[in-house]
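Analysis of the macromolecular model
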Amino acid sequence: MIRPSLTFISIFIILFLSGCSSIPIADDFSIEDVYEEPYTYEMINDYEELSKELQNEIAFILEEIFFYNQVNETNLEKINNFIKNGQIKDQYVKQIQLIVLNKNKLQSIQSINVTYKTSKKNKEHIIESVLKRNSKFNITFDLNGKDINDKLLESNLLFFCNSYLLDQKNIIEDHIFKKSDPKEVIVVFTKPYEEYATNLEQKYPGIKFAFISDKNHEEYVQKTLGIDSSLIRFNNIQKLDQNIQLENTPRERKDFKKVYFLVDYAIGKSIVPLFRSYLLNNDFYATNGILLGAINTKQLSDFDNLHVPAPKYFYKKVAQNQSIISLGDEIDKGLIDDMLRIEELNAANASDSYILLNSGPINYQNEKCIQRELSFWRISQESLTIPL
């Protein structure tokens, strides 16, 4: 079978775009119940037949290209060889060609003039991002500029259909409430999340709720899971004869299968490990808001096995940074980078294409609000340290 080559990109793209007004993301990226996002690995043809080293090499170069990081002659030559060998699926060959076309459009831009109205912190992130990417931005900060929400997680960043936080909430709700029985879910929340918890109760009757009010988290978890009485009985029996060493394994509650945490980092780093120690067969969920206070990715070990609707590749990159203020600060920087990437694509009148952003993959469509295609990452400290 003859594979299309990037050498003939100009002719191919003209013919291809004349027959298509937009490029839908392939079904591979919307598979239900995906916990470890495939992304660039999913683009590889006959994946299981290739060596792990070759899988990693192809996936890494594809990630560089779909991030618009290194769309250069060296990487494109390697990609061309992978295409000729039939190692990249045909639908992604078309997407790669579109990215090369868009990259050429971006390089032809003389300048991008934009004015923003935002906080001092966001201004610093914007300036840092512009300097880092060595782009052609000419940015002014003014009260009459485009208004960017000070809280970036809650902002649609000018171009997205929803905020990053809302996109995460939507996929969690869809997964644990709409695609399964709400009665199998317990929502663990603190005071700042009370309004959202109330809204969930109204939308999905039958959910169980556990409000965290005390500071003794272990006692709270035991009471919530109904194992406090079991522990009391055990202690009373043990007191009858101190010479006999008994072992006690409290039973897991069986009336729910999923736990949705609505807590911040300070509470989460204590509560999540406790729930995990007692509930060995349950699934745990939260938005990445629970991670914001961590000052390095090593602290994510407290959240092992927690499912967050966010791309693992972003946290792998953060893990390579030896000095960060906090994970929340890195997420804010990533969101600013995403916003500026869309500014560039709009200014270049870029073609519709599949793109990887810090906050997740998107199907970019010019002059349309952008929807992220999120899937769940099950947090694992080990997965942040192994090669791509």
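1. Concerning the overall build of the chain
A count of helical and extended segments in the chain gives 13 helices and eleven strands. Residues classed as buried in the chain amount to 52% of the 388 residues present. Here the contacts in the chain between residues at least 6 apart in sequence split such that 71% fall between residues at least 24 apart.

2. What to know about the sheet that holds strand β1 (residues 112–117)
Strand order in the open sheet formed by three strands is β2-β1-β3, and the pairing between neighbours is parallel. With partners counted over all chains shown, the strands left at the sheet margins are β2 (137–141) and β3 (146–147), one partner each. Sheet analysis places β1 next to β3, joined by two bridges and oriented parallel. Along β3, the bridge assignment pairs Lys117 with Asp147. Sitting on the sheet, helix α12 (residues 327–347) is in contact with β1, β2 and β3, with an inclination near 140 degrees to β1.

3. Let's talk about the nonpolar core
Counting 110 residues, the largest nonpolar core has Ile88, Tyr260, Phe261, Phe275 and Tyr315 as its most contacted members. Looking at this core element by element, the count peaks at eight residues for α12. Discounting residues that sit within four places of it in the chain, Tyr315 has contacts with Asn288, Leu291, Thr297, Leu300, Ala310, Leu327, Ile331, Trp377 and Leu384.

4. What to know about the pattern of salt bridges
In total, this model carries 17 salt bridges according to the counting rule given. In this structure, the salt-bridge partner of Glu343 is Lys146, at a minimum N-O distance of 3.1 Å. Within this pair, whereas Glu343 is found in helix α12, its partner Lys146 is found in strand β3, the two being separated by 197 residues in sequence. When its relative accessible area of 35% is taken as the criterion, Lys146 is described as partly exposed. A salt bridge links Lys179 to Asp174; its shortest N-O distance comes to 3.3 Å.

5. As for the environment of His125
Within the fold, His125 resides in helix α5 (residues 120–133). Sequence separation between His125 and Asp329 is 204 residues; the distance between their C-alpha atoms is 9.2 Å. Apart from residues lying up to four places away in sequence, His125 is in contact with Asp329, Asp332, Lys333 and Ile336. A distance of 3.3 Å separates the side chain of His125 from the side chain of Asp329, its partner in a polar contact.

6. Describing the state of the cysteines
One pass over the structure, following the stated rule, counts one disulfide. There is a disulfide in this structure between Cys161 and Cys369, and the S-S distance comes to 2.0 Å. With the S-S bond torsion at 90 degrees, the cross-link from Cys161 to Cys369 turns out right-handed. In this pair, Cys161 is assigned in the loop between β3 and α6 (164–178) and Cys369 in the loop between β10 (360–364) and β11 (377–378), connecting sequence segments 208 residues apart. By relative accessible area, which is 29% here, Cys161 ends up partly exposed.

7. Quick look at the layout of surface pockets
Put simply, the largest pocket is a space of about 950 Å³. Asn69, Lys132, Arg133, Asp337 and Arg341 are the residues nearest the centre of the largest pocket, which is lined by 31 residues in total. Listing elements by their share of the lining of the largest pocket, those giving two or more residues are α4 (90–108), α5, α11 (312–319), α12 and β9 (353–357). Tallying contributions element by element places α12 first for the lining of the largest pocket, with seven residues. The calculated volume of the second largest pocket comes to roughly 560 Å³. Of all the secondary structure elements, the ones that give two or more residues to the lining of the second largest pocket are α6, α7 (194–203), β6 (258–262) and α12.

8. Topic: the confidence of the model for the chain
Averaged over the chain, the pLDDT score is 84; the fraction of residues at 70 or greater is 82%. The low-confidence segment residues 228–241 (pLDDT under 50) makes 14 contacts with residues lying over four places distant or belonging to another chain. Overall, residues 243–249 carries pLDDT values under 50, and its contacts beyond four positions in sequence, including any with other chains, amount to nine contacts.

Cut-offs used in this document
Residues numbered from 1 in each chain as written. Predicted model: local features only at pLDDT ≥ 70, side-chain atom pairs only at ≥ 80, totals over all residues. Heavy atoms only, no water. Helix = DSSP H or I, 4+ residues; strand = E, 2+ residues; numbered from the N terminus. Buried < 20%, exposed > 50% of the residue type's maximum accessible area, 1.4 Å probe, protein only. Contact = heavy atoms within 4.5 Å. Pairing = 2+ DSSP bridges. Axes fitted to C-alpha atoms, helices over the stretch in contact; angles between N-to-C directions. Core = buried A, V, L, I, M, F, W, Y, C linked by side-chain atoms within 4.5 Å. Salt bridge = Lys/Arg side-chain N within 4 Å of Asp/Glu carboxyl O. Polar contact = N/O pair within 3.5 Å; in protein donor to acceptor, adjacent residues only side chain to side chain. Disulfide = S-S within 2.5 Å. 1 Å grid on protein atoms, 1.4 Å probe; cavity = no way out; pocket = protein on both sides within 12 Å on 5 of 7 lines; lining within 4 Å. Points joined across faces, edges and corners; volume = space filled by probe spheres on them. pLDDT = per-residue confidence, 0-100.

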